[in-house]
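Residue-level structure breakdown
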Amino acid sequence: MLHLKSFLVLVVFLFCSIASSNARPEWFVPPPLDPSGVKLETMELYDGVFALMSNTPFADNSGFVVGDDAVLVIDAHFTGNMGKQIIDAVKKVTDLPIKYLVNLNAFGDHVFGNYVFPESTEIIAHEKTIDFLKKNSLQKRKEIISVTVGGSTELFRDVEDRLPTESFKKKKKLNLGNKIVELYFFGPGMSPSDTVVYVPDARAAWTGNLIFGKGSIPWARSEIVSDYLKSMKNFQRKIDPKIIVAGHGQISDGDIVEKYISYLDYVLEFSRSLKKENISIEEYVKKLNIPSEYLIEDDIKKLMEGFHKWNVLNSYKQIRSSASQSKYKKNLGQKVARDGKVVK
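Rules used throughout
- Residues numbered from 1 in each chain as written.
- Predicted model: local features only at pLDDT ≥ 70, side-chain atom pairs only at ≥ 80, totals over all residues.
- Heavy atoms only, no water.
- Buried < 20%, exposed > 50% of the residue type's maximum accessible area, 1.4 Å probe, protein only.
- Helix = DSSP H or I, 4+ residues; strand = E, 2+ residues; numbered from the N terminus.
- Pairing = 2+ DSSP bridges.
- Arc of directions from axis to C-beta.
- Contact = heavy atoms within 4.5 Å.
- 1 Å grid on protein atoms, 1.4 Å probe; cavity = no way out; pocket = protein on both sides within 12 Å on 5 of 7 lines; lining within 4 Å.
- Points joined across faces, edges and corners; volume = space filled by probe spheres on them.
- Nonpolar A, V, L, I, M, F, W, Y, C, P; charged D, E, K, R; others polar.
- Axes fitted to C-alpha atoms, helices over the stretch in contact; angles between N-to-C directions.
- pLDDT = per-residue confidence, 0-100.
- Core = buried A, V, L, I, M, F, W, Y, C linked by side-chain atoms within 4.5 Å.
- Lys, Arg positive; Asp, Glu negative; His and termini not counted.
- Salt bridge = Lys/Arg side-chain N within 4 Å of Asp/Glu carboxyl O.
- Phe/Tyr/Trp six-rings, centres within 6.5 Å; stacked < 30°, edge-to-face > 60°.

**Considering the pairing of strand E9 (residues 180-184)**
- Of all five residues making up E9, four are buried, and the element is well covered by its neighbours.
- Two elements, strand E8 (residues 171-175) and E9, share five bridges in a ladder whose sense is antiparallel. Residue pairing for E9: Lys172 is matched across the bridge by Leu183.
- Looking at chain direction, E9 and strand E10 (residues 196-199) are connected through three bridges and run antiparallel. The residue bridging Glu182 from the neighbouring strand is Tyr198, located in E10.

See the structure below:
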């Protein structure tokens, strides 16, 4: 009974520590994602492979892949109108049916357009995306994402809830007719369920919120920074894209993967060094600048500076929390490894 009580205390402690470390600071300005007036430009990346790029700096991008038999669309965008814009873009290229729609994560700007796609379209998402959508009402999800459009849910008034019907765990392969598309989950990044769509013959990848595109850095919004780093290394081991279409931002080349790995590693090492100093981390991060070796696009510089401050703040808190957890486990008489995990 004593061990059970101790375990429950530890679980509550861990949950509260992570929740606290990822709370939104007062100074943080959320990404500007309002789709009002957004137009998607169709760009052919390779035979049958198309990116749909937003005409504003950080609004959502999309895309589609055309095979001999069917079409796969990547993300449904923020509203019914934006979803219809994607469908119209597909129709300008082919009369083939949209057989698959892939939601790259659970945020409203990726799934709220689902309901305008044909009933015959199979919507696919990672199992964690589906879990989140089922556990949270449509209204709650509208409220969560409303911070990116000025705080109001009015923009989503007409959105109807349509959930993915098919899930995958780590990898899924789809054949559109002489065109293979692969879905990957490399681990948590910006969100718990960041999914990557990869077209091997084009060496093109849609990365959603895992990679934000040219001249960007990661944002570990709701996840542990060290886990994000592991996910990016897993990405690098499994696929080798030469073209990356981010969920937000400009198209980039495959070199950005190494940049993200380098940056996340830097944040972790920097946060560990700060742990040794007597500072108020909340005040300290307000003065931080992104190291000059990580080149940032001018039109998203202010946003990326906010991401950097957030990443360091939460990495620091996560490292301190991990150290406290290790100490607590040792007090329970458990053998603990350097990473804070109990050695059985």
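**Re helix H5 (residues 138-145)**
- Among all positions in H5, only Leu138, Arg141, Lys142 and Ile145 are buried. Burial along H5 is one-sided: seen end-on, the buried residues are contained in an arc of 105°.
- Summarising the contacts, the buried residues of H5 are in contact with helix H3 (108-111) and helix H4 (127-135).

**A look at empty space enclosed by the protein**
- If you walk through the whole model with that rule in mind, you get one cavity of 30 Å³ or more.
- Counted as a void, the largest cavity has a volume near 40 Å³.
- Taken together, Val111, Phe112, Asn114, Leu133, Leu138, Arg141, Val159, Glu160, Asp161, Arg162 and Leu163 make up the full set of residues lining the largest cavity.
- A class-by-class count of the residues in the lining of the largest cavity yields six nonpolar, one polar and four charged.

**Points about the sheet that holds strand E11 (residues 204-208)**
- What the six strands build is an open sheet, ordered E8-E9-E10-E11-E12-E13; its pairing is mixed. The two strands at the open ends of the sheet, each matched to only one other strand, are E8 and strand E13 (252-253).

**Observations concerning the sheet that holds strand E4 (residues 71-74)**
- Reading across from one edge, E1-E2-E3-E4-E5-E6-E7 is the order of the seven strands in this open sheet, with mixed pairing throughout. Of all the strands in the sheet, just strand E1 (40-46) and strand E7 (166-168) have a single pairing partner and so form its edges. Averaged over all neighbouring strand pairs, the angle between strand axes comes to 25°, with direction disregarded.
- Strand direction decides the pairing type here: strand E6 (residues 122-126) and E7, joined by three bridges, are parallel. Bridging from a neighbouring strand, His126 pairs with Phe168 of E7.

**Focus on the confidence of the model for the chain**
- Counting all residues, the mean pLDDT for the chain is 90, and 87% of those residues have values of 70 or more.
- Confidence drops under a pLDDT of 50 for residues 4-20, and excluding neighbours within four residues, the segment shows 13 contacts in the predicted structure.

**Remarks on unusual backbone geometry**
- Despite not being glycine, His77 shows a phi value in the positive range, around 70°.
- Structurally, His77 can be placed in the loop between E4 and helix H2 (80-91).
- In this model, Asn178 sits at a positive phi of 60°, which is unusual for a non-glycine residue.
- Structurally, Asn178 is set in the loop between E8 and E9.
- The exposed category is assigned to Asn178, whose relative accessible area is 67%.

**Quick look at the nonpolar core**
- Ranked by internal contacts, the top residues of the largest apolar core, which has 57 residues, are Met232, Phe235, Met304 and Phe307.
- Here this core gets 10 residues from one element, more than from any other, and that element is helix H7 (residues 256-275).
- Ignoring sequence-local partners within four residues, the contact set of Met304 consists of Phe58, Gly215, Ser216, Ile217, Ile290 and Ile296.
- Val65, Leu174, Leu183 and Ala202 belong to the second-largest nonpolar core, a separate cluster that totals 24 residues.

**Structural notes on the side chain of Asp60**
- Within the fold, Asp60 resides in the loop between strand E2 (49-54) and strand E3 (62-66).
- Lacking a salt bridge, the buried Asp60 has Arg221 as its closest oppositely charged neighbour, with an N-O distance of 12 Å.
- The contact partners of Asp60, leaving out residues within four places of it in the chain, are Leu33, Leu40, Ser54, His77, Phe78, Asp109, His110, Gly247 and His248.

**A few points about the packing of aromatic side chains**
- Under the counting rule described, the total for this entry stands at 19 aromatic pairs.
- The interplanar angle of 40° and the centroid separation of 6.4 Å between the aromatic rings of Phe78 and Phe112 together place this pair among those described as tilted. Of the two residues, Phe78 sits in the loop between E4 and H2 while Phe112 sits in the loop between H3 and E6, which places them 34 residues apart along the sequence.
- Using a relative accessible area of 0% as the deciding quantity, one classes Phe78 as buried.
- For Phe112, a relative accessible area of 2% translates into the label buried.
- Connected via pairs of aromatic rings, a cluster forms that spans Trp27, Phe28, Phe58, Phe212, Trp219, Phe307 and Trp310.

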